[in-house]
Structure formats: C-alpha cells, structure tokens
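Chain by chain, the residues:
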Amino acid sequence: MNSTDSDVVLIGSGIMSATLGVLLKRLNPKLRITLYEVADEISGEASDGWHNAGTGHAGICELSYTPYPEPDGSVNVTKAIDIFQEFEASLQFWAQCVADGVLQDTTNFINPVPHVSFVRTDEQVPYLKARYDGMSAHHFFAPMEFTTDRAKITEWAPLLTEGRAQEAIAATKMNGGSDVNFGEIARGLCAWLNEQEECKVLPGHRVTDLSRRSDGKTWSVTAERSFDGQAFTSSTNFIFVGAGGGSILLLQNAGLPEAWGLGGFPIGGEWLVCDNPEVVSRHEAKVYGQSPGSAPTMAVPHLDTRIINGRKSLLFGPYASWTTKYLHRHGRYTDLLRSIKPHNLATLLKIGATNLDLIGYLVQQGTQTMEDRVNALREFYPAAKSTDWRLIEAGIRVQAIKKTDGEAGIVHYGTEVLTSEDRSVSALLGASPGASTSVHIVTEVIRKSFPELLAGDEGVARMRQFIPTFDMDLKADGAGAKFRELAKPAREQLGLALD
Ligand SMILES: Cc1cc2nc3c(=O)[nH]c(=O)nc-3n(C[C@H](O)[C@H](O)[C@H](O)COP(=O)(O)OP(=O)(O)OC[C@H]3O[C@@H](n4cnc5c(N)ncnc54)[C@H](O)[C@@H]3O)c2cc1C
C-alpha cells in the first residue's frame, strides 16, 4: 500500500505545472498526481494570453539575447542558438500532444507570425548587420533576411515606415516565428491530466502550508478551498512549486535551506492594445527593438500581432509598473512585505542600493501619461493615433533575488529551477524566456527528481515518444540536415513555417 496520498503535487496551473504533470503522467502512467490552483479558472496568471506577449521565444528577434558587438565587431549569438534549441523541444512536445489527441485545434494556441528585429540610428544599423552575419551563418537562422531598404521594410511591416522621417533604419525577418497562447496550452494539458486515472486538477484551492512529515522524506501539503475556507491536508513524495509569483512565499514556508536568503522583487506590466481592424490588418509580425536606456532586458519594447480566442489584435509594450503583489489576480498587497525575512533583508537592501537605475526606470514608467506611452509606440509606428489604443494590465514578474549573488546584488531576469538537496521539491523562479522554454525546463526537473524515468537507452526512447528530439544536439555544426528532417513534421503539425 502507498504511504502517501499522491506521488506528485503540482502547485499552480500555469504552463509549467501543466507541462510537468502531462509529461510525467505520459512517462509513467501509474503516477498519482494532484494539481492545486488557487483561482477558480485554470492558468489565469502569467501564462494567460493577455498577461504575456505570446512570443514563441526562439532567439530570432530578441536583441537582448545577442549583446552589443565584441571588440572585433562581431556579435555573439550563442544564447540565441541555445534558446532556439530549447524552444524546439516545446514545438516538438506540442506537436506530439496534437498528434496524440492531448491537445486539439492548433490555431487556438499557436499561429505563424514572422519575427522581425528593427533598429534605427547609425550606431544600431551596423550592429544589426553584424548580428545578422553571426546568426544567418548557423543552420537554425539560415532563412533570416536582412535589409536597410525602406521599401523592403515597408513590405515586411508597413506600420514601421508610415510617417517616419528619413533616417538610418534596418531590419531582419524570419517567417518561422510564432505567436503562442500559453494559457490555452496549459488549459488543454490540465483538462487531459484531470481525465487520467489517479489524477486530479483542483481549481479554487490555495496551498497554504508545506511541511516535512515525520519520516523526513515525504511532505504534507495543506490547501484551503476558496468557496468555504475549508482546509485539507494530504501527503506526497514530490512537490513542484509552479506557483509563478507565488513560489517564493511557498518556498519560504517550506523552510528549505536552499531558499535561505531568497527574496522576490515584483515588477508589474502594462500593454497598449489596438483592435482597430484597419490598423490591425496592416501588421503581421512580432517586431522587437532595442532596450531603451536603463530598462531591464525584459522591458525591451515590441509591436506584436496577437491571435487570442481567434481574434487578431496588436499589442505594444511592455511598460513597467510598481506593485507589491506577487500575483496579478490572486496576489495580496502585503506579498512583498510578507516575503521580507531576517535572512533576506540585507540582500534586499543591497539590491535596492545597487539597482538605482532600475528603481529610476520604474519611477519613470509609473508616472507616464497615455501620451508618453503612445510616444514610445511612435518609435516603432510613427503614425500611431492615441485613440486607436487602450491600456491593459500584463502579468507580474517576480524577479528572484538570491543571497548567493553576494556583493553583486543581482536581480535575476532569467528562469531558474531550484531543487532541494533530496530532490523532493522543485521550484521555478523567474520569468524569462519562461513559457517558451517550459518543456526544456520541466525536462530538467524530471532529470533531477525522476532520473529513473530517463535512465539508459530505454529512458531516452521513452522520452522520444513525447519529445522526438529529446537529448539530440541539433545545434552542432553539421546537424543542419538532421534538424530540418526532424523540425519539418512538428511544424507541419502545428501549421508553422520552417523557412
Ligand atoms: C509581461 C510579461 C510578458 C511575457 N512575455 C512572454 C513571452 O512573450 N513569451 C514567453 O515565452 N514568456 C513570456 N513571459 C513569461 C511567461 O509568462 C512565464 O514564464 C510563464 O507564464 C510562467 O508560467 P508558470 O506556470 O510558472 O506561472 P503562472 O502562469 O503564473 O502560473 C502559476 C499559477 O500558480 C497559481 N498559484 C500561485 N500561488 C498558489 C498557491 N499558493 N496555491 C495554488 N495555486 C497557486 C497561480 O494562480 C497561477 O495560476 C512573460 C511574462 C510577463 C509577466
């Protein structure tokens, strides 16, 4: 007889928990999995369609992954190549889910949208050319095009040149980009999981306490049901804290030594959205620019085609905003205060003192008027009219702050998996590139906490039923033909372009 109520508890119904739950259940159909979600709806926080930009981050257009030129004038494209390969795992997994009936109707969650990088000024144009030279030399980015020709840019994205003064501009474009509704994917995956034997998805349940049981190995999980406040405690062998912004508070509650000194700094977000069909129909791209001044990398502005619930809109942003909540809908204004503990106070103060640029940026963003925001949009779309755009709230990113950063006092902008020493708890911190690399991230969780599922040739073969490219190095020199052979069926299944 089992000594715990479930083998796996997943906290949160965002893209991370949903992906981990489905992958684990498919790898081992005997697993008993319970997923708790505080909200009544599934995946309504950062993974929800309107709360993120829906960019299938593949390194194609995001200039923040390819920093300014090296001393020899070249641009290091290693990070873009890595992210492309990580996103490939997501495409492969989603395509297989569609083939196996786990996910339905691809246009609900992924659509082909070209990815464009756009720069202006005499300083930026040579940078983009050097980036293009580095990227297009790799087989992942071989179909990329580069131009400084205004007429060509008008053909690719007419809004970029409409009303623009004569100035140096350049762009790159690849048709293989995508717009993704991560919330729809998570909802589809959770629906499938909930139908499986010995698996439960429980919306309306807030996990309030995680504590070790007396055996020192397994865990007690207490969840409060929102409609009547009743608390339930159950036991499990493994916990995945996929609670998005809520993860830091839960990790602190669990008392893990690994969470000692950990803090979280929330940054809210806002978008401008345009639904005017006359404007929307003239833009078919995700256009990423350069980060303005002191803005953190995750605040790089972009003008995006979005397809949500079958409807096309344009989105521009993100703008940052002040908040003390860790979750958009189910956070509390006391979240930041409650997260401050004696063990992280010094780290938080140091972060405050060494990130004055970031604080100045947040103050500047928080005091913007609508006209200021539209002026930022006009850097991309000079003829934009304020009346065509409305402001909406985006998701909250809780940037992890760790004691191990020591003197550096770094706010983490990346995504990081934290695992307890005995591997019975895993948690996800940070938000970028986030959802796009969810399959790669949860594969790392499985590698650490369920190594038996992936062991040997049998384990690799098992995983390749669900991620056909698992453990293949598609980025190596000479792997171009192999990559194309494997990438093609997944893209066909998902209705995406390869070139
Ligand atoms: C402004 C913005 C733009 C972004 N753009 C992109 C993009 O273009 N492309 C991309 O790939 N990524 C993007 N991201 C990142 C991406 O949204 C996240 O990485 C991803 O959605 C995180 O998924 P998650 O499952 O970890 O968290 P979430 O989707 O936030 O899910 C966590 C869930 O846990 C629940 N929860 C929290 N606490 C508890 C509790 N105590 N008990 C029970 N349930 C709980 C929450 O209600 C929530 O449903 C963006 C993020 C933001 C904020």
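Just so it is clear, the model here is predicted, and its values are computed rather than measured.

Rules used throughout
- Here the residue numbers are simple positions, counted from 1 along each chain's written sequence.
- Given that this is a predicted model, residues contribute local features only at a pLDDT of at least 70 and side-chain atom pairs are listed and counted only at 80 or more, while totals for whole chains, interfaces and linings are drawn from all residues.
- For two strands to be treated as a pair, DSSP must find at least two bridges joining them.
- Strands here mean DSSP runs of E at least two residues long; helices mean DSSP runs of H or I at least four residues long; both are numbered from the N terminus.
- By definition, a residue lies near a molecule or strand provided its backbone-derived C-beta atom is within 6 Å of it.
- Throughout, the ten residues Ala, Val, Leu, Ile, Met, Phe, Trp, Tyr, Cys and Pro are labelled nonpolar, Asp, Glu, Lys and Arg are labelled charged, and all others, Gly among them, are labelled polar.
- Joined through C-beta atoms within 7 Å, a set of buried Ala, Val, Leu, Ile, Met, Phe, Trp, Tyr and Cys residues constitutes a nonpolar core.
- In this scheme the burial state of a residue depends on its C-beta neighbours within 10 Å: 20 or more other such atoms mean buried, 12 or fewer mean exposed, and anything in between means partly exposed; the C-beta positions come from the backbone.
- Note that contacts rest on C-beta atoms placed from the backbone: two residues are in contact if these are within 7 Å.
- Expected helix span is given by 1.5 Å per residue-to-residue step, counting one fewer step than there are residues.
- Fitted lines through C-alpha atoms give the axes, limited to the stretch in contact for helices. The angle between two N-to-C directions lies from 0 to 180 degrees.
- Roughly parallel means an angle under 35 degrees; roughly antiparallel means over 145; roughly perpendicular covers 65 to 115; every other angle is labelled oblique.

**Observations concerning the pairing of strand β18 (residues 416-419)**
Inspection of the sheet shows β18 paired to strand β19 (residues 425-429) by four bridges, in the antiparallel sense. Its bridge partner being in β19, Val 417 is matched across the sheet by Leu 428. The turn joining β18 and β19, which pair antiparallel and follow one another in sequence, is formed by five residues; a positive phi near 65° is taken by Arg 423.

**Describing the site of the ligand**
Around the ligand sit 43 residues in total, of which Gly 12, Gly 14, Gly 244, Gly 246 and Gly 434 are the nearest. Only α1 (15-27) and β9 (205-212) provide two or more residues apiece to the shell around the ligand. A per-element tally of the shell around the ligand places α1 first, with three residues. The class makeup of the residues in the shell around the ligand is 19 nonpolar, 20 polar and four charged.

**Observations regarding the nonpolar core**
Among the nonpolar cores identified, the biggest contains 136 residues, and Ile 11, Trp 94 and Ile 239 are the most heavily contacted of them. With 12 residues, helix α2 (residues 78-99) is the largest single contributor of residues to this core. Setting aside chain neighbours within four positions, we find Trp 94 in contact with Leu 103, Ile 110, Ile 185 and Leu 494.

**Describing α2**
A rise of 1.5 Å per residue sets the reference length of α2, with its 22 residues, at 32 Å; its end C-alpha atoms lie 32 Å apart and thus fit the reference within 8%. Within α2, 18 of the 22 residues are buried, leaving the element largely enclosed by the surrounding structure. Gly 101 sits one or two positions beyond α2 and adopts a positive phi of about 80°.

**Some thoughts on the packing of α2 against helix α12 (residues 438-449)**
How two helices sit against one another is set out by the angle between their axes and by the gap between those axes. At a minimum axis distance of 6 Å, the contact between α2 and α12 shows a crossing angle of 95°. What the angle tells us is that α2 and α12 run roughly perpendicular. In this structure, α2 uses Glu 86, Ala 89, Ser 90 and Phe 93 to contact α12, whose residues at the interface are Ser 438, Val 439, His 440 and Thr 443. When its residues are assigned to classes, the contact of α2 with α12 shows three nonpolar, four polar and one charged.

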